[in-house]
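# Commentary on secondary and tertiary structure
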Amino acid sequence: MNCVLNPDSSVRLSLSYTRSIDSNKTFESIDDAEVMLFENHELWGILSNTTAGCYELNKKPSIGKNYQLKINIAGELPISAETTIPNRLRVDTTELVPIFYHTEDNHFLKSCSAKYTITDDQEIKCWNYEIYKETHYVNDSDPDIPGHDQDYYFFEYGLSYLSPFADNFNRQIDNIYDLGYYYHFYVRQTNEIQPGSAITFTKTSIRKNTIDYYFNADVHYDKYMKSRIQSWIITEWQDLPFNEPVQMYSNITNAMGIFGSATFSFINYINISINE
Amino acid sequence: MNKWIASLILLLFTTSLQAQRHVTGYVQDAQSAERLVGANVFDPQSRKGVTTNSFGFFSLNALTDSCRLQIQHIGYKTQNICIKLNIDTMLVISLQPGISLDEVAVFGENPQGNHEFSNLNHTQLNRNQITSFPAFLGETDVTKALQYQPGVSAGRENSAGFNVRGGGADQNLILLDGAPVYNMYHAMGFFSTFNSYAIKDASLYKGGIPARYGGRLSSVLDVTAREGNMRDFEGVVSVSPISAQASIEAPIKQDTASFLLSFRRSYLDLLLRSILKLANNESQFGYLLYDLNAKTNWIVNDKNRLYLSFYSGRDTQYYNYAYKDDNFEADNDFHWGNYTGIIRWNHIFNSKLFANLSAYGSYFENQTTTTIDDDGEFVKFQSRSNLKDFSLKSDFEYQHSANYSLQFGSLVSALQFAPGITSSKTKDNNNTLNDNNKTNAIIAELYAENKFNFKTLFLNVGGRISNYNHEGSSEWSFQPRLSAILKLQNKLSISASYMQMEQYLHLLSSSSMGMPSDLWIGSSNRVKPETSQQVSLGVEKNIWSNIKFGIESYYKKSENVIRFKQGMGFSDGSEIYWEDAVVPGKGRSYGLELYAQKTTGRFTGMVSYTLSKSEQLFDGLNNAEWFPFKFDRTHDFSINGKYQLRAPEGKMRNLSFGFVLQSGNYYSIPDIEQKNSQLPGMENVGYFDSNWWDDYFSTDKNYVNPNNFQMPLFHHLDLGYESTKQLKKGRSRTWNFSIYNVYNRQNPWTYYKREGQFMQLSIFPIIPSASYIFRW
């Protein structure tokens, strides 16, 4: 069971049975479940089955409210979970400062730097990721290839910047990055030592055509994110035998998966103009 | 009950009224004058005996005016002495090293060995015994030698960490010269921090732990470092495939003061540096470990002796690179290590009262540092965790009468825990964050052991009172201890013990290896101290004059043991709210241990077998039902031996072997796959193969029940051969050859799934090695 509430989107939930690890069958979806969502303990809506294993409710949850989920499936124990929608983070940045490569007779724009301040009056569990856009990526000289003139969006799998608030659980040493390390997929930052205090850091790898996302996760989604990334890291670096398998976090009674929430903020660097 | 106590007091009183003389003194090595720990001093007439303490001291009451004493210690010739006892007498007894191999038995009338503990509850190994096991990569290791004992097993293959009677490695109290060592691992746990050449003796207590020890649930490993030769300059250098070691010891003043210095260092980093330099590589990466043991002692006079010991052990992993053309340099350094220092003062007040006063500090840290210098822009980022322990300790031994002695003392420890302190430094700023993560605790403890030594019955009845004060909250505990040995006819003895233990420190660890990121944390209001109770009952018998056989059963239950919550982990010491990440639970373990041991003769060795079960129970895990602890080993069989070959005079050749056969480790292995929602940003961003992308990021492997998989049988056979040649002027050289895993058993280290197939990863194939030792 997976459902992550987001105040900018209507509710979507997926429901399927797990499968044995040595099975190559597709996941068996569950389409006859009764799925109820409560807002602050008042029935808020009943989700309807739209496609295989997918349930939807055309309503957007509200920041600060508590949502409870109850699912009944014939022959199974009742499923329940709850989450509270976290605040939207305020993300402020200073003006971009270009960083150049210098050669003997020229210089090239390498990236930009900016100082970030992330604020909220409560405890922040901030996750950062980046998407960057490339156009005509496939082969713009060959018009026969489908999609040759489309825009493609790529998930940046490694972020590298220096922040004392960063959780180093997914930090890896790699000399390709200027700082000598990167964070796998996401950077997790918290102010849990002093809830309400600002998170400040400097990014020196800002590039054009990038969207810089920050989302504040509720306590369950935060733990779930962390355990999934830890699990991926172990799966990916199988040559590192010292890690032991991580159990995926779940806050759901009588099922696995996540019922969490997140609130998104972003900074769009797609069309920035940089004075070179 | 009152009648029983009255009878006991009367018996003690009447015994003390008899004309008694006290024989006190030290037992020492005749060549180096180094004091011997655990030597048996036995009075055949009264059939009473005592064991020398960790300073080689003993005190014995004699009932007659003349006394014949028999003094024994493994690796030394038994000595019989007769003394006239007109007054209280102090002796310094020197034992000659070595045994006559053609003689069969040397046990004489004292077949029971240690008087206070059964051999199944207490094991003692000296340096020669530790180095008589087959080496791994040329290195012998005290903790790996102990893993052949019944009830003791390694957490993972070749791990120096050990688990006692189903307990976690964090439940073992590790002491070096009386100071605790908080992380005893080198090289991700493959080697212990104990340099075999610097060790004199190691004692492991598994059950009936006497009240003088406290603070951990499962066992105590009390390691004593060598003191240094009081008579001659002596040295040893050794080279193994991974490290080199040098030790020197000498008298500072003949028979009065001496010192020992021992240093071990790996040299992989030196080789790598050379190779990278030859390849003109601007990057540097490598790994190194070192140990330094330093010890000195001074016999001030007959009644006073001072000891000063220092230990430092450190591992460093580094990765540095530079682009000189761009004026760019980045250094990544990860190091961890222990430092201990202890000063001890032995004082003999009179023939009845011996005291040892100690002051020590123990420090463990791990630290990650990243330093960037980008064309003058300097940034330094540091994350560190540490634990500081400063303690004062007193131990007194009072020999009241032939039947009764009292051991008592105190310990006051000031601890500081500093997990995940981070700081950043630039040209303009210097910030330290979460400095308030530091917490302090005070532990104050008192203990007393009442030792009753009757002809056929030895009793150690005692207890430990402790107070743990952490951030304003206070916890009291009383931990009763009892051990009894009843000696029957036909060299048969029955032993029984009960112990209650309290552990105020918890180890946060995601691995069974002994990783440097493992972090000690003090109990708090939310996470209570761990407690345990253990009972054991055993029988031992000398079957023949030189073969001992023992069988013992035990039951142990523990409370407030911790485990990470579902999906929570601890990867780098920066988990701030660790209390939110762990869940308290219960543990229980029970088992039957058997051993047969031959301790003398040309062939010595031991066979041991343990049948046991160890389980845990946590709310919210496994439907709140018991599940196997990851260190549960239902069957654990081992056999080891050493055979001294006949050799020409001036040469010594030994063959040794070790074989281990155990039930496989329990392991939490993903056994299901679940469909998950895409994480933010990962939807619709693929371009190569969207099906693969979707599958990779939306299908996760998971498990519901912890330790749901048991690995196949674990076994390996190791062989060793050692040849020593005596040279002129007391010098000798030794070649040591060993083969780990002779028949190349592919023992599983871990499992994973690749391309739909389960794969097994084994990391220790057959490994031959050689080492060279030169002594003078």
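Scroll up a little and you will see the structure.
Keep in mind it's a predicted model, so treat the numbers as computed, not measured. (Residues numbered from 1 in each chain as written. Chains lettered and ligands numbered in written order. Predicted model: local features only at pLDDT ≥ 70, side-chain atom pairs only at ≥ 80, totals over all residues. Heavy atoms only, no water.)

### Structural notes on the overall build of chain B
- Each helix and strand in chain B was counted, giving six helices and 48 strands.
- For chain B, the share of sequence-separated contacts (at least 6 apart) that also reach a separation of at least 24 residues comes to 65%.
- Surface exposure of chain B reaches about 30800 Å², of which carbon and sulfur atoms provide 57%. (Helix = DSSP H or I, 4+ residues; strand = E, 2+ residues; numbered from the N terminus. Contact = heavy atoms within 4.5 Å. Areas by Shrake-Rupley, 256 points an atom, 1.4 Å probe, with all protein chains shown as cover.)

### Some thoughts on the packing of aromatic side chains
All names here are of chain B.
- The final tally for this structure, using the stated rule, is 50 aromatic pairs over all chains.
- Taken together, a centroid distance of 5.0 Å and an interplanar angle of 10° make the contact between F396 and F408 stacked. Highlighted residues: F396 in strand β24 (residues 377-399) and F408 in strand β25 (residues 404-426), separated in sequence by twelve residues.
- With 6.1 Å between their ring centres and 15° between their planes, Y555 and Y590 make a pair best called stacked. (Phe/Tyr/Trp six-rings, centres within 6.5 Å; stacked < 30°, edge-to-face > 60°.)

### Some details on the sheet that holds strand β15 (residues 199-205) of chain B
Residues and elements named next belong to chain B.
- Strand order across the open sheet formed by five strands is β8-β15-β16-β11-β12, with mixed pairing between neighbours. Edge positions in the sheet fall to β8 (122-126) and β12 (179-180), since each of these pairs with one other strand and no more.
- Two strands pair when backbone bridges link them, and β8 and β15 are joined in this way by five bridges, in the antiparallel orientation. By the bridge assignment for β15, L125 is matched with A202. (Pairing = 2+ DSSP bridges.)

### Some points on the side chain of S160 of chain A
All names here are of chain A.
- Position of S160 relative to the elements: it lies in the loop between β14 (158-159) and β15 (171-173).
- Relative accessible area serves as the criterion here: at 10%, S160 is assigned to the buried category.
- Apart from residues lying up to four places away in sequence, S160 is in contact with Y177, L179, Y181, Y182 and S205. (Buried < 20%, exposed > 50% of the residue type's maximum accessible area, 1.4 Å probe, protein only.)

### A few points about the nonpolar core
- Within the largest apolar cluster, 31 residues are counted, with the highest numbers of intra-cluster contacts made by Y116, I118, F201 and Y214 of chain A.
- Of all the elements in the fold, those that place two or more residues in this core are β11 (107-119), β16 (181-184) and β18 (199-206) of chain A together with β21 (304-323), β22 (328-348) and β24 of chain B.
- For this core, the element with the highest residue contribution is β11 of chain A, accounting for four residues.
- In this structure F201 of chain A touches A114, K115, Y116, I118, Y161, L162, S163, Q189 and Y214 of chain A, once residues within four positions along its chain are discounted. (Core = buried A, V, L, I, M, F, W, Y, C linked by side-chain atoms within 4.5 Å.)

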